[in-house]
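# Analysis of the macromolecular model
Here are the chains, one letter per residue:
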Protein chains: 2
Amino acid sequence: MTSVLLKDVQLDGETTHVYVSGNRIEEIGKKREADTVLECKGKVALPGMVNLHTHAAMALFRGFADDVRLQDWLERKIWPQEAKMTPDDVYWGTKLACLEMIKTGTTTFNDMYFHMDHAAKAVKEMGLRGFLAEGFIDLGIASRAKEQFKQVDEVNRKIEGMKLERITPVLGPHAIYTVSEDSWRRFGDLADKKGFMTHTHLSETKREVEECAARYGGRPAAYLEKLGILARSTIVAHGCWLDPSEIELLARSGTKVAHCPVSNLKLAAGQVMPFPALHEAGVVMGLGTDGPASNNSLDMFETMKVAALIQKFAHNDPTVLPAKEAFELASLGGARALGIDAGLVEAGRLADILVVDPKRAELTPRHDDLSNWVYSAHGNVVDTVICDGQVLMKGRRVKGEGEILEKAAAVARDLVTRE
Amino acid sequence: MTSVLLKDVQLDGETTHVYVSGNRIEEIGKKREADTVLECKGKVALPGMVNLHTHAAMALFRGFADDVRLQDWLERKIWPQEAKMTPDDVYWGTKLACLEMIKTGTTTFNDMYFHMDHAAKAVKEMGLRGFLAEGFIDLGIASRAKEQFKQVDEVNRKIEGMKLERITPVLGPHAIYTVSEDSWRRFGDLADKKGFMTHTHLSETKREVEECAARYGGRPAAYLEKLGILARSTIVAHGCWLDPSEIELLARSGTKVAHCPVSNLKLAAGQVMPFPALHEAGVVMGLGTDGPASNNSLDMFETMKVAALIQKFAHNDPTVLPAKEAFELASLGGARALGIDAGLVEAGRLADILVVDPKRAELTPRHDDLSNWVYSAHGNVVDTVICDGQVLMKGRRVKGEGEILEKAAAVARDLVTRE
C-alpha cells in the first residue's frame, strides 16, 4: 500500500501531519515516513468537495445555449444535439469535467448521463470518486423502456466489472415526467433486489408539480412514495417546490436531497429548495452544481456561496445557512448522502483531501477560515488534491491537462455542428 | 510617453495587436514597436472591470461578522470597530483590496469610506483608477456635520493635490437615514458649485423605504429629488426597492445606479434591484461588489454571474440579463456611470485592459466567449492587467504582493482586538 504524508499542514487551526495509507487517512498528528511527502507548511487541509448532482459530460455544451427558457433549452438546443452524441463524446466530456472538478477541489461526484461505461473509463483515468447513473428516459414508450433497461443493465455490468471501489453504478430514472409508472416500479424492484442507489430529479419546476397533480392526483414526492422509490438509498436533485407534506415523506423515508442553487437561478425555477424546513425535518442534504450547460461551472466553492446567499434571500433572513453549514453541505452532507466515509479530514475516513494555500488577497485576513472558504474563495484556491489516497493535483498541475483541453474542445466543436 | 503592445491578442474573435501610448489605446491592428511588448498569442483582451460600489478598506473586516442581521452587523460588529480605525488601517485595507481587485480584473472602482486621503495614497501606489468618497454620516447632529464637512473638504483638497487623472474625489453622503436634510442640501450645493460627483446608498432595505415615507412623506428617490441630489453626476448604490415612480425620477434626472447583488442576497435585502424596468427606462447602470465585509469578495466576475442569476430568478424569466448585458454592466456600464472613456477595448479609449488565458478547463469549449466570461470564469482567469496604460499584473504577479498580505493581515488582527 502506498502512503502519503501531508507534513506541517493546518487542520482546524492547528499545525499537524496527516498520514494516508492506501485509500484511508490512517493517523493524524505523527510525522511518519511515507512514499510521498507533501510539504504543506502554511497551507490548510480541507475535505474534498462532493458534487451531489451533475451531468458531467455536458461540459461539452458549456455556453452552447444560455439565457433561454428551460423548454427551449432542452427541446431546441440540448436534446437534438444529445441525440447525436457518441460514447467517445461522453468520454471526452467527462474527462474535461473531471479536470475542472479536480482543479476546483471536488473529489466525488454523483453523475447522470448517457454511455456511462465510457464516463466510467474517464473517471477511472482521472482518479475521482464517481457515482454514475445511466440516465433513463422512456417518455411512456414501452419499446423504448425495454431497450433502455437493457442498456442500463449492460452499462452497470461493465462498470461493476471494473471492480473499482471508487466507481459505483447507480440507477438513473430521469424524472417523473420522463419515466413511465411501469418503469418506475421496475426501478424500485432493481434497487430493492440488487442494492443499487437511485438518482433522479424531483420538484424542479412548478410545471412538474402541476402536471403531476393533474395526472396522478398528488404531488411529486407523494407519487414517488406510492411507487416505492423514496428510500435511504435515493437521492433527488433540486426539490425547489417541495411542500411540508413532501418534506415529511422525504424525512420519514430517509431520502436525500441535492440542492442545486446556481442552476435553479439560471433557469429561473421560480422557487428555492426549502432548506430550513428540510434541515428541521432532519433530511440529509448536499450541494450539486447540476450540469455545466446549465450553470456553467463545476466549481463547488461557488455553489457553496450561492447556496448560502440564495437561502438567506429567499427566507428573508441573513442568519439562514451560515458558512459552517454551507461548507458541511458541500462536503460531509454530500458524503453522507452517498454513504461514503468522506467529507471530513479525520483518521479512518477515506483520503479525499484538499490542500489550500491561504496566502492570497481574497483569503486575507483570516478572522474566520470557514467564512473565507464559503464567501471569499473560489475553487482555484486549491493547490493540491488527493482522492482515494492518490495525489491527483499538486501545485495546480494535473497530468494530461493540455491533451484533455485540446481533445474536448475539438469534440465539442464537432458535436454542435454535426448534422 | 511609454507605450505597450499587446501582440497577437484575440479581440472580438480576431487575432490582432493593441497599441497603447501613454494612458490611451492609440491603435488596434498594426504591430508597432513599443517600450513593452506583451506576447499574447492565444490570449484574449477584455476591458477592465469597473466596480461601481464598494468600501475597499473593509477588506480588513472580511469574515469578521457573517450570517447576522444588517442592524446587528452594523451596530454590534462593524461600527464599534470602525470607530477605532486609523488612517494607517485604511491605507493597508485599501492596499489589500486593490491587490484583490487587480488579481480579479478590476481596473476602476467607486469607493466610499473614511480617511480617504490615505486610501488615495494606496490607490496611487497600486495603479488603479479610483473614485474616492469620504463617507459622511451626521446622524442629524449639527456639530458632527460641521466637523465632517471640514474633514470632507480637507480630504478632497489633499486628493486633488495629488493631481492624478486616475484618482478623483467624490462626495459621499452615506444614506438618507444617516445624513440630515441640511447636510444633503449642502452636498447638493457642493456638487453644483464645484462639479463633484456624488456617491450614496439608496433604497437598500424595506425599512429605509418605510421610515422615509413616515418621516418625509415620500419614497427615498422622491426625497432626494426634492433635495436636488438626483442628477447625471450622482451614483446611487443598491436600488432594491425602487418603485416605478422612482425609476422615472432616476431616468429623468440621469442618476446612475450600482447593482450590488451579492451583498443584497447576503444581507437579505428582501428584494432585488428591478433591472428590467430600469433598463427599459434608460437608466445607466453598473455592478458593484459592495464592501468585502458584506460579500466577502471583490471579484467582479462573480458579481456578473450572480447579477445574471438573481435577475432571472427574481423576474421568473431565464432570458432576463443575458451574458452580453451582464458583461456590459460590469465594464462599459460602470465606465459610463463614472463618465470615463473606458469599458471597451477600442482606439481612443483609456488603456484599462485585461488579458485572459482561455486555455483552462472551465473556459473549454469556447462556443460563446461572453457566456464563458460571465457564467464560467472567476477573476483568476485574468493573466495580465493594464490600467491607465501601466502594466499592474503580468502572469498573475503583482509587485509587493507578499508585503501587502502580511501587513494587511497584521493590521486586521490588531484592529479587531483593539480595546
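Residues numbered from 1 in each chain as written. Chains lettered and ligands numbered in written order. Predicted model: local features only at pLDDT ≥ 70, side-chain atom pairs only at ≥ 80, totals over all residues. Heavy atoms only, no water.

### Concerning the overall build of chain A
Short version of the rule: Every helix listed is a DSSP run of H or I at least four residues long, and every strand listed is a run of E at least two residues long, numbered separately from the N terminus. Put simply, the radius of gyration uses C-alpha atoms, and a globule should come to 2.2 Å times the residue count raised to 0.38. Under the scheme applied here, a residue whose accessible area is under 20% of the maximum for its type counts as buried, over 50% as exposed, and between as partly exposed, the area being computed with a 1.4 Å probe on protein chains only.
Each helix and strand in chain A was counted, giving 14 helices and 16 strands. Since a compact globule built from 419 residues should have a radius of gyration of about 22 Å, the 21 Å found for chain A is in line with a globular shape. Each principal axis of the C-alpha atoms in chain A carries an extent, and together these give about 60 × 45 × 40 Å. For chain A, buried positions account for 65% of its 419 residues.

### Considering the relation of the copies chain A and chain B
The criterion, for reference: Superposition of the copies was done by least squares, using only C-alpha atoms of residues whose pLDDT is at least 70 in both. Contacts were defined at the residue level, with two residues in contact if any of their heavy atoms lie within 4.5 Å.
With an RMSD of 0.0 Å, the fit of chain A onto chain B corresponds to turning through 180° and sliding 0.0 Å along the axis. Taken together, the rotation angle and the small translation identify this as a two-fold axis. An overlap of 100% is found between the interface residues of chain A and their copies at the interface of chain B, pointing to a shared contact surface.

### Let's talk about the domain arrangement of chain A
All names here are of chain A. For clarity, the cut-off: Residue ranges labeled as domains rest on an automatic or database domain assignment. The buried area of a pairing is the accessible area, by a 1.4 Å probe, that goes missing from both parts when the two are put together, added over both. The rule for a salt bridge is simple: a side-chain nitrogen of Lys or Arg has to be within 4 Å of a carboxyl oxygen of Asp or Glu.
What the domain assignment reports for chain A is domain 1 (3–47 + 345–395) and domain 2 (49–338). For domain 1 and domain 2, the distance between their C-alpha centres works out to 28 Å. With 25 residues of domain 1 at the contact, the number on the domain 2 side is 27 residues. Summed over both partners, the interface of domain 1 with domain 2 comes to about 2000 Å²; 68% of that surface belongs to carbon and sulfur atoms. For the pair domain 1 and domain 2, the number of links is two salt bridges. Where D388 meets R129, a salt bridge forms, and the shortest distance between an N and an O atom there is 2.8 Å.

### Considerations on the packing of helix α2 (residues 87–103) of chain B against helix α14 (residues 401–417) of chain B
Residue and element names in this part refer to chain B. What counts here: Angles here are taken between N-to-C directions and fall from 0 to 180 degrees, while the axes themselves are lines fitted to C-alpha atoms, restricted in helices to the stretch in contact. Orientation is classified from the angle alone, with under 35 degrees giving roughly parallel, over 145 giving roughly antiparallel, 65 to 115 giving roughly perpendicular, and any other angle giving oblique. The crossing is said to be left-handed when, going from far helix to near helix, the turn is anticlockwise and less than a right angle, and right-handed when the turn is clockwise. Three classes are used, and their members are as follows: Ala, Val, Leu, Ile, Met, Phe, Trp, Tyr, Cys and Pro are nonpolar, Asp, Glu, Lys and Arg are charged, and the others, Gly among them, are polar.
Where α2 contacts α14, the axes come no closer than 9 Å and their chain directions differ by 135°. Taken as axis vectors, α2 and α14 run oblique relative to one another. Considering how the two elements wind past one another, α2 and α14 form a crossing that is left-handed. The residues of α14 that touch α2, namely those facing D89, W92, K95, L96, L99 and K103, are E401, E403, I404, L405, K407, A408, V411 and L415. Grouping the amino acids of the contact of α2 with α14 by side-chain chemistry returns eight nonpolar, no polar and six charged.

### Here's the deal with the layout of surface pockets
Selection rule: Think of a 1 Å grid over just the protein atoms. A cavity is a set of points where a 1.4 Å probe fits yet cannot get out, a pocket is an open set with protein on both sides within 12 Å along at least five of seven lines, and lining residues have an atom within 4 Å of a point. Grid points are joined across faces, edges and corners, and a volume is the space filled by probe spheres set on the points.
Space inside the largest pocket adds up to approximately 1200 Å³. Lining the largest pocket are 43 residues, with A:R360, A:R396, B:R360, B:N380 and B:R396 sitting closest to its centre.

### Some words on the pattern of salt bridges
All names here are of chain A. The final tally for this structure, using the stated rule, is 59 salt bridges over all chains. As a salt-bridge pair, D352 and R129 come within 2.9 Å of each other at their nearest N and O atoms. On the criterion of sequence distance, the pair formed by D352 in the loop between α12 (323–338) and β14 (353–356) and R129 in strand β8 (residues 129–136) is long-range, its members being 223 residues apart. For the pair D352 and R129, a shared accessibility class is recorded, and that class is buried. Connected via shared salt-bridge partners are E26, E27 and R32.

### Examining the packing of aromatic side chains
We count it as follows: Under the pairing criterion, centres of Phe, Tyr and Trp rings, with the six-membered ring standing for Trp, must be within 6.5 Å; the plane angle then separates stacked pairs below 30 degrees from edge-to-face pairs above 60, leaving the rest tilted.
Within the structure shown, the criterion is met by 14 aromatic pairs over all chains. Centre to centre, the rings of A:F136 and A:F187 are 4.8 Å apart; their planes meet at 90°, and the pair counts as edge-to-face. Here A:F136 is found in strand β8, whereas its partner A:F187 is found in helix α5 (residues 181–194), with 51 residues between them in sequence. Of the residues examined, A:F136 reaches a relative accessible area of 0% and is grouped as buried. With centroids separated by 4.5 Å and ring planes inclined at 45°, the aromatic side chains of B:F136 and B:F149 adopt a geometry described as tilted.

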